[in-house]
Amino acid sequence: MSAASCLLSEDQFLCCICLDVFTDPVTTSCGHNFCKNCINEHWNSNVQYLCPICKKAFYTRPELHINTFISEMVSQFRQEVQQKTSSSSSEQQAAKPGEVPCDVCTGTKLKALKSCLVCLTSYCETHLEPHLTVSGLKRHKLMGPVENLEDRMCMKHDKPLELFCKTDQTCVCMLCSVLDHKTHDVVPLKEEYEGKKAELGKTEAEIQQLIQKRRLKIQEIKHSVNFSKGNAEKEIAEGVQVFTALKDSVEGSLNELIEMIEEKQRTTEKQSEDFIKVLKQEISELMKRSSEVKQLSHSEDHLHLLQNFPSLKAAPPTKDWTEVSVRPPSYEGTVVRAVTQLEETLSKEVKRLFEAELKRVQQYAVNVTLDPDTAHPELILSDDGKQVNHGDVEKNLPDNPERFSDCVCVLGKQSFSSGRFYFEVQVKGKTDWDLGVARESINRKGQITPRPQDGYWTIWLRNGNEYIACNDPPVHLSLQSQLQKVGVFVDYEEGLVSFYDVDDAALIYSLTGCSFTEKLYPYFSPCINDGGKNSAPLIICPVNQTE
């Protein structure tokens, strides 16, 4: 039997209906073999009793009997396949967690190599062989091993999902395409797969681009952090240096003060000690004379008393101490003079720091020009957009939304919505002016009050000597000298607006904690002419960094 089976090809043991090895094989009168269950179901679903292979018609349903010879051959074939499977199983890998196992293997489930969409079964290398060699099975559609093959079958018609309905965006079977989706745009799965795969490729490219942008942003942020760290370390080092110098200066001044006071005290003590020493010597001499006088006065020897009387009747020579005194040294003004000297030292150091600070902010200088579309009709702007003054006469200009209608103001053309910027304005010869920055949405019609809550961050001059920082509430500033040139510095992210006296390299005032959410524009107001008293223009100057 075994020798005979070796001469037979494997497809001779397959049922042409189920395309699997015979189970209870039966033979029709026309000589064709089928699984008993397969041929019965085939005839149950058809009106005529036809042979599925040769189409021979039977007028009455044939009585079927199991073909024992073929059954034995199939049994032998199954045993040989089982033996072959057992021998090859040792060479193949068992399915690991997460891998698709073979559905045919009994006992240890081997790793599946392919899944059949017709059989809805996954096969290992051994059990896949019939699909690679048997002509009927070769027509089956194989794919990479997947689980839940039932999900690839149409729930309604129990057919493979081989098509895609573009109208409903769903996978369908052949029967669906001619029944439920017959008027829809239906294409093969492969065609839609290729299209969707191309879209996924495009999506993947876009995702990679987004990833790259974010990686670049990470590098940018890291660079900013490193840059900030460098600046912080530099600022700390400079701060340590400055405060160490100040500390040393204070300690030195204190030591000098203490030494001077202690020296005065030592001099006083030395003088006192010298006086006391002389006084003690005189007391000693006087006590000696007193003893001699007392002894002589008690003498009964008339001659001895008379002979020694001339030398003892007068006190020994001593210093007149009436006008002598020890006056404590005066310390009035000592501490004040020391503090004044220290203050001069500190002032020099502070001035040096302000000069360095001004030099730093001047690095952010920008080119600012005046915007004529925002200028009040009475303002006169120079052709280069660098100067503005009040002209008394109102020009006939269009009342566009950007223009100030009542207040004699003008904005710069340039706007800023991030980073830092700095510009300088000459205010020499003026008695009144406003300077600073303003947000884009400020009210430009009617009377305005330039204050932070209304979108203005400015300082003013009024009446030639009243400097005011436009804070809430306003802050009156005490300046050492009349301003000639003002520097305006803005750090958008930090919410900082600082004003500098450029000539003295000094900080005038800083508005901190500002909330910037819009574009900022440089803001200028030369104020009214005031009969010629305030006729000088505001002039935007080129920035020359301090040496």
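Residues numbered from 1 in each chain as written. Predicted model: local features only at pLDDT ≥ 70, side-chain atom pairs only at ≥ 80, totals over all residues. Heavy atoms only, no water.

A.B. asks: So, the overall build of the protein: which residues are in play, and what are the values?
C.D. replies: Regarding its fold elements, the protein presents nine helices and 23 strands. Its C-alpha atoms give the protein a radius of gyration of 56 Å, clearly above 24 Å, the size a compact globule of 547 residues would have. For the C-alpha atoms alone, the extent of the protein along its principal axes is close to 195 × 100 × 35 Å. Per-residue burial over the protein gives 32% buried out of 547 residues. Of the contacts made within the protein by residues no fewer than 6 positions apart, 57% connect residues no fewer than 24 positions apart. As presented, the protein carries roughly 34,300 Å² of accessible surface, and 53% of it is formed by carbon and sulfur atoms. Of the charged side chains in the protein, 62 are positive and 79 negative; the average position of the first set lies 4 Å away from that of the second. (Helix = DSSP H or I, 4+ residues; strand = E, 2+ residues; numbered from the N terminus. Rg over C-alpha atoms; globule rule 2.2 N^0.38 Å. Buried < 20%, exposed > 50% of the residue type's maximum accessible area, 1.4 Å probe, protein only. Contact = heavy atoms within 4.5 Å. Areas by Shrake-Rupley, 256 points an atom, 1.4 Å probe, with all protein chains shown as cover. Lys, Arg positive; Asp, Glu negative; His and termini not counted. Charge placed at Lys NZ, Arg CZ, Asp CG, Glu CD.)

A.B. asks: Give a description of the confidence of the model for the protein that names residues and reports values.
C.D. replies: When pLDDT is averaged across the protein, the result is 88; 95% of the residues are at 70 or more. pLDDT under 50 marks residues 1-7. Its contacts with residues more than four places away, or in other chains, come to eight contacts. (pLDDT = per-residue confidence, 0-100.)

A.B. asks: Tell me about the layout of surface pockets, and name the residues and values.
C.D. replies: Looking at the largest pocket, its volume works out to about 830 Å³. Among the elements of the structure, helix H7 (189-297), helix H9 (334-361), strand S19 (485-491) and strand S20 (496-501) are those that each provide at least two residues to the lining of the largest pocket. Looking at the lining of the largest pocket element by element, the count peaks at eight residues for H7. (1 Å grid on protein atoms, 1.4 Å probe; cavity = no way out; pocket = protein on both sides within 12 Å on 5 of 7 lines; lining within 4 Å. Points joined across faces, edges and corners; volume = space filled by probe spheres on them.)

A.B. asks: Describe the sheet that holds strand S23 (residues 538-541), listing the residues and the values that go with them.
C.D. replies: Spatially, seven strands are ordered S11-S12-S23-S14-S19-S20-S21 in an open sheet, and the strand pairing comes out antiparallel. Pairing within the sheet leaves two strands with one partner each, and these edge strands are strand S11 (379-381) and strand S21 (506-511). Geometrically, the sheet is characterised by an average inter-axis angle of 20° between neighbouring strands, direction not taken into account. Here two bridges tie strand S12 (residues 387-390) to S23, and the two strands are oriented antiparallel to one another. (Pairing = 2+ DSSP bridges. Axes fitted to C-alpha atoms, helices over the stretch in contact; angles between N-to-C directions.)

A.B. asks: Outline the pairing of S21, supporting the account with residue identities and numerical values.
C.D. replies: Note: S20 against S21, five bridges, orientation antiparallel. Considered in S21, the bridge of phenylalanine 499 is made with tyrosine 509. Here S20 folds back onto S21 in antiparallel fashion, the turn holding four residues, of which alanine 505 has a positive phi close to 50°.

A.B. asks: Explain the side chain of asparagine 400 residue by residue, including any values.
C.D. replies: As for its position among the elements, asparagine 400 is in the loop between S12 and strand S13 (410-411). A residue is classified by how much of its surface remains accessible, and asparagine 400, at 16% relative accessible area, is buried. Among residues more than four places away in sequence, those in contact with asparagine 400 are Asp373 and Lys445.

A.B. asks: Please give an account of the nonpolar core that cites residues and values.
C.D. replies: Ranked by internal contacts, the top residues of the largest apolar core, which has 37 residues, are Trp433, Val486, Val497 and Phe524. Counting 20 residues, the second-largest nonpolar core is a separate cluster that includes Val26, Trp43, Met73 and Val74. (Core = buried A, V, L, I, M, F, W, Y, C linked by side-chain atoms within 4.5 Å.)

A.B. asks: Describe H9, naming the residues involved and giving the relevant values.
C.D. replies: For H9, which comprises 28 residues, the first-to-last C-alpha distance of 41 Å matches the rise-based estimate of 40 Å (1.5 Å per residue) to within 8%. When we look at burial in H9, the residues that qualify are Thr334, Ala338, Leu342, Glu349, Leu358 and Val361. (Expected span 1.5 Å × (residues − 1).)

A.B. asks: I'd like a rundown of the packing of aromatic side chains, residues and numbers included.
C.D. replies: On inspection of all chains with the given rule, the structure shows eleven aromatic pairs. With centroids separated by 3.9 Å and ring planes inclined at 15°, the aromatic side chains of phenylalanine 416 and phenylalanine 421 adopt a geometry described as stacked. Each of the two residues, phenylalanine 416 as well as phenylalanine 421, counts as buried. When the centroid spacing of 5.8 Å and the interplanar angle of 55° are considered together, the rings of phenylalanine 423 and phenylalanine 524 count as tilted. With phenylalanine 423 in strand S14 (residues 420-426) and phenylalanine 524 in strand S22 (residues 520-525), this residue pair connects regions lying 101 residues apart in the sequence. Look at phenylalanine 423 and you get buried, because its relative accessible area is 1%. We note lysine 319 situated over the ring of tryptophan 321; from NZ or CZ to the ring centre the distance is 4.8 Å. (Phe/Tyr/Trp six-rings, centres within 6.5 Å; stacked < 30°, edge-to-face > 60°. Lys NZ or Arg CZ within 6 Å of the ring centre and 35° of its normal.)

A.B. asks: Before we move on, can you summarise the packing of H7 against H9 with the specific residues and values?
C.D. replies: Where H7 contacts H9, the two axes come as close as 10 Å, and the packing angle between them is 165°. As far as their axial angle goes, H9 and H7 are roughly antiparallel. In the packing of H7 onto H9, the handedness of the crossing is right-handed. Along its contact with H7, which presents Glu235, Glu238, Val242, Leu246, Ser249, Val250, Ser253, Leu257, Met260 and Ile261, the element H9 presents Thr334, Val335, Ala338, Leu342, Thr345, Leu346, Glu349, Arg352, Leu353, Ala356 and Arg360. Along the lines of polarity and charge, the residues of the contact of H7 with H9 split into twelve nonpolar, four polar and five charged. (Parallel < 35°, antiparallel > 145°, perpendicular 65-115°, else oblique. Left-handed = near helix turned anticlockwise from the far one by under 90°. Nonpolar A, V, L, I, M, F, W, Y, C, P; charged D, E, K, R; others polar.)

A.B. asks: Could you give an account of the sheet that holds S13, with specific residues and numbers?
C.D. replies: Note: strands within a sheet are paired through backbone hydrogen bonds, in either parallel or antiparallel orientation. Here we have six strands laid out as an open sheet, ordered S13-S22-S15-S16-S17-S18, and antiparallel in their pairing. The open sheet has two edge strands with one neighbour each: S13 and strand S18 (475-477). Here strand S15 (residues 433-439) runs beside strand S16 (residues 456-462); their pairing, made up of six bridges, is antiparallel. Across the sheet, residue aspartate 434 finds its bridge partner in S16, namely tryptophan 460.

A.B. asks: Describe the pattern of salt bridges, and please don't skip the residues or the numbers.
C.D. replies: Per the counting criterion, the structure on display carries 16 salt bridges. For lysine 196, the salt bridge goes to glutamate 192, with nearest N and O atoms at 2.2 Å. On the criterion of helical spacing, the pair formed by lysine 196 and glutamate 192 is a turn pair, its members being four residues apart in helix H7. Residue lysine 196 is classed as partly exposed on the basis of its relative accessible area of 31%. On the basis of relative accessibility, which here comes to 10%, the residue glutamate 192 falls in the buried class. In this structure, the salt-bridge partner of lysine 270 is aspartate 274, at a minimum N-O distance of 3.1 Å. One end of the pair is lysine 270 and the other is aspartate 274, both in helix H7 and four residues apart, which spans about a single turn. Linked by salt bridges that have partners in common, Glu235, Glu238, Glu357 and Arg360 make up one network. (Salt bridge = Lys/Arg side-chain N within 4 Å of Asp/Glu carboxyl O.)

A.B. asks: Please set out a nonpolar patch on the surface residue by residue, giving values where relevant.
C.D. replies: A contiguous nonpolar surface patch, about 250 Å² in accessible area, is contributed by Leu175, Val178 and Leu179. You can see leucine 175 is positioned in helix H6 (residues 174-178). For leucine 175, a relative accessible area of 34% puts it in the partly exposed group. (Patch = residues over 30% accessible without salt bridge, like charges linked within 9 Å, V, L, I, M, F, W, Y side chains within 5 Å.)

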